[in-house]
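Overview (structure and organization)
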Amino acid sequence: MKFENTGLENKKADLTRLDEVMLSHGLVREGQWDYERVTYDRKFELKEGVFYLRVFGYAVEGDVGAHRANIQLMTPLLGKHYYPHGVEYGEGESFPKSLVSQCEKILSEINAEIDQFAE
């Protein structure tokens, strides 16, 4: 499920500050990066299954590995995890309304914080 028009997809921000904001909202980068891309994940374990809120980005300047990069954020996604196949984001998936609302709130708060320093 795509979260369209969150405002995040129009933001470019410093990687270090982005890491701090995302982590404060439970989204971690951990090993989800290469030298040009990042993925921030927040895991939700519910009775309906395991879900991931994901925010992707790519470096428009600098190097992620060196912790000196300016990141262009992309449209956030919500996916459901299926063992052992991975995460599915498709339109055929159903997501609990309470989870969708919680994710929208988290993304709104993140957008407001990033807005203070993003390009």
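Located above this text is the structure these notes cover.
As a starting point, this report considers the structure included with it. Fair warning: this is a prediction, and the values are worked out from it, not measured in the lab.

Criteria and cut-off values
Residues numbered from 1 in each chain as written. Predicted model: local features only at pLDDT ≥ 70, side-chain atom pairs only at ≥ 80, totals over all residues. Heavy atoms only, no water. Helix = DSSP H or I, 4+ residues; strand = E, 2+ residues; numbered from the N terminus. Buried < 20%, exposed > 50% of the residue type's maximum accessible area, 1.4 Å probe, protein only. Lys, Arg positive; Asp, Glu negative; His and termini not counted. Salt bridge = Lys/Arg side-chain N within 4 Å of Asp/Glu carboxyl O. Polar contact = N/O pair within 3.5 Å; in protein donor to acceptor, adjacent residues only side chain to side chain. Phe/Tyr/Trp six-rings, centres within 6.5 Å; stacked < 30°, edge-to-face > 60°. Lys NZ or Arg CZ within 6 Å of the ring centre and 35° of its normal. Core = buried A, V, L, I, M, F, W, Y, C linked by side-chain atoms within 4.5 Å. Contact = heavy atoms within 4.5 Å.

Turning our eyes to something else, we now look at the side chain of Lys-80. Structurally, Lys-80 can be placed in strand β5 (residues 77-82). Here Lys-80 is buried and forms no salt bridge, its nearest opposite-charge partner Glu-93 lying at an N-O distance of 5.3 Å. From its side chain, Lys-80 meets the backbone oxygen of Glu-48 in a polar contact 3.1 Å long.

Turning our eyes to something else, we now look at the packing of aromatic side chains. In this structure the tally under the stated criterion is one aromatic pair. A cation sits over an aromatic face here: Arg-54 above Tyr-52, 5.2 Å from the ring centre.

Next up on the list: the nonpolar core. Ranked by size, the top nonpolar core spans 29 residues in total, and within it Met-22, Leu-53, Ile-71, Leu-78 and Ile-114 carry the most contacts. Of all the secondary structure elements, the ones that give two or more residues to this core are α1 (15-24), β2 (37-46), β3 (49-63), β4 (68-73) and α2 (97-114). If you tally residues by element for this core, the top one is α2, at seven residues. Those residues in contact with Leu-78 that sit more than four places away from it in its chain are Met-1, Phe-3, Phe-51, Tyr-52, Leu-53, Tyr-89, Phe-95, Leu-99, Val-100 and Cys-103.

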